[in-house]
Amino acid sequence: MATKIDKEACRAAYNLVRDDSSAVIWVTFKYDGPTIVPGEQGAEYQHFIQECTDDVRLFAFVRFTTGDAMSKRSKFALITWIGENVSGLQRAKTGTDKTLVKEVVQNFAKEFVISDRKELEEDFIKSELKKAGGANYDAQTE
C-alpha cells in the first residue's frame, strides 16, 4: 500500500516548531499504518533523542539556536532516523517516503539521515548547521 501523509496535521506541527514564540523546538513525524502523522513533540532536545530507538524509523523537524557574537538566529534541521533493527524494505521505503515529508517541511538549513545515536548529539548537529550557515564572525572561538 502506498504511503500517504496527513498534510494538515503535519503542517500544524511544523509551524509550531517554526514559531519562535513557541516552546516546542522539535516534532517527529511517524508512521501510523501507511500514513505519516505528527508524533511526539517537545521543548528539550534530549527528549527527542529518546524517541530514536533501534526499532523505529521517523522524521523530525528540529529548531536550534545558532549564531555568533554578532547575532543569534534559529536554524532548522530535517532529521531522518532509521534504527538499526529496521528491515531493509522499510529502510528503502523511508527514502522515498521522505519526499512526502518534504512537501510539508520545506524550510531547513541542513538535512541529516542518521542511524547511529552518536550522530544525534546536539553539539554535532549544531556544528554541522554552523558550517552550513556560511560566514562565522565569532572571533572568540576561532
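Counting of residues starts from 1 at the beginning of each chain's written sequence and follows it residue by residue. At least 70 in pLDDT is required for a residue's local features to be given in this predicted model, at least 80 for side-chain atom pairs to be given and counted, and no such filter applies to totals for whole chains, interfaces and linings, which use all residues. Side-chain measures were taken over the full set of non-hydrogen atoms in the model, leaving aside hydrogen atoms and water.

### Some points on the pairing of strand 3 (residues 35–42)
Move 1: Where strand 1 (residues 4–5) lies against strand 3, 2 bridges are found, and the strand directions are parallel. Note that in strand 3 the partner of lysine 4 across the bridge is threonine 35.
Move 2: At least two bridges found by DSSP between two strands is the condition for calling them paired. Helix and strand assignments come from DSSP, with helices taken as H or I runs of at least 4 residues and strands as E runs of at least 2, each series counted from the N terminus. Bridge count for strand 2 (residues 26–32) against strand 3 is 6 bridges, and the pairing is antiparallel. Bridging from a neighbouring strand, aspartate 32 pairs with threonine 35 of strand 3.

### Concerning the environment of aspartate 97
Move 1: Mapped onto the elements, aspartate 97 comes out in helix 3 (residues 88–104).
Move 2: Under the relative-accessibility criterion, aspartate 97 is labelled buried at 4%.
Move 3: Taking C-alpha positions, aspartate 97 is 9.3 Å from alanine 2, a pair spaced 95 residues apart along the chain.
Move 4: With residues up to four places along the chain from it excluded, the contact list for aspartate 97 reads Thr3, Tyr31, Ile36, Arg57 and Phe59.
Move 5: One polar contact links aspartate 97 to threonine 3, side chain to side chain, over a distance of 3.2 Å.
Move 6: Pairs of N or O atoms within 3.5 Å make up the polar contacts considered here, provided that, within protein, one atom can donate a hydrogen while the other can accept it, and that residues adjacent in sequence are counted only when both atoms are side-chain atoms. Of the polar contacts made by the side chain of aspartate 97, one reaches the side chain of tyrosine 31; its length is 2.8 Å. Note on classification: 1.4 Å probe, protein chains only; a residue is buried when its accessible area is under 20% of the maximum for its type, exposed when over 50%, partly exposed between these limits. In what follows, residue pairs with any heavy atoms lying within 4.5 Å of each other are defined as contacts.

### Thoughts on helix 1 (residues 7–18)
Move 1: With 12 residues, helix 1 extends 16 Å from end C-alpha to end C-alpha; this agrees with the ideal 16 Å at 1.5 Å per step.
Move 2: All of the buried residues along helix 1 are Cys10, Ala13, Tyr14 and Val17. Along the axis of helix 1, the buried residues cluster in a sector spanning 100 degrees; they form a single face. To estimate how far a helix should reach, multiply one less than its number of residues by 1.5 Å. Our arc is simply the arc of the directions from the helix axis toward the C-beta atoms.

### A closer look at the pairing of strand 2
Move 1: Burial runs high along strand 2: 5 of the 7 residues are buried.
Move 2: Hairpin connection from strand 2 to strand 3: 2 residues lie between these consecutive antiparallel strands, with glycine 33 at a positive phi of about 65 degrees.

### A short note on a negative patch on the surface
Move 1: Where like charges cluster on the molecular surface, the negative patch consists of Asp54, Asp55, Glu84, Asp116, Glu119, Glu121 and Asp123.
Move 2: Tracing the chain through its elements places aspartate 123 in helix 4 (residues 122–132). Like charges are joined within 9 Å and nonpolar side chains (Val, Leu, Ile, Met, Phe, Trp, Tyr) within 5 Å, but only among residues with over 30% relative accessible area and no salt bridge; these make up the patches. Each accessible area is a Shrake-Rupley result for a 1.4 Å probe, and residues are judged covered by the shown protein chains and nothing else. A pairing counts as a salt bridge when a side-chain nitrogen of Lys or Arg comes within 4 Å of a carboxyl oxygen of Asp or Glu. Only four residue types enter the tally: Lys and Arg on the positive side, Asp and Glu on the negative side; His and the chain ends are excluded. By convention, the point assigned to a charge is CZ for Arg, NZ for Lys, CD for Glu and CG for Asp.

### Details of the packing of aromatic side chains
Move 1: Paired rings are identified among Phe, Tyr and Trp, the last through its six-membered ring, by centres lying within 6.5 Å, and are further divided according to the angle between planes into stacked (under 30 degrees), edge-to-face (over 60) and tilted (the rest). The tally for this structure, following the rule as stated, stands at 7 aromatic pairs.
Move 2: Here the aromatic rings of tyrosine 45 and phenylalanine 48 are separated by 5.5 Å at their centres, their planes lie at 50 degrees, and the arrangement is tilted. Remark: phenylalanine 48 and tyrosine 45 occur in helix 2 (residues 45–51); sequence separation between them is 3 residues, near one turn of the helix. As far as the burial class goes, tyrosine 45 and phenylalanine 48 line up, both buried.
Move 3: Taking 5.2 Å as the distance between ring centres and 5 degrees as the angle between the ring planes, the aromatic pair formed by phenylalanine 61 and phenylalanine 76 counts as stacked. Here phenylalanine 61, found in strand 4 (residues 57–67), pairs with phenylalanine 76, found in strand 5 (residues 72–82); they are 15 residues apart in sequence, far enough to count as distant.
Move 4: Assessed through its relative accessible area of 10%, phenylalanine 76 is described here as buried.
Move 5: Site record: aromatic cluster; members linked through ring pairs are Trp26, Tyr45, Phe48 and Phe64.
Move 6: To sit over a ring, a charge needs its Lys NZ or Arg CZ within 6 Å of the ring centre and within 35 degrees of the ring normal. One residue, arginine 18, lies across the ring of phenylalanine 76, its end atom 5.0 Å from the ring centre.
Move 7: A cation over an aromatic ring shows up here: lysine 110 above the ring of phenylalanine 112, its NZ or CZ 5.8 Å from the ring centre.

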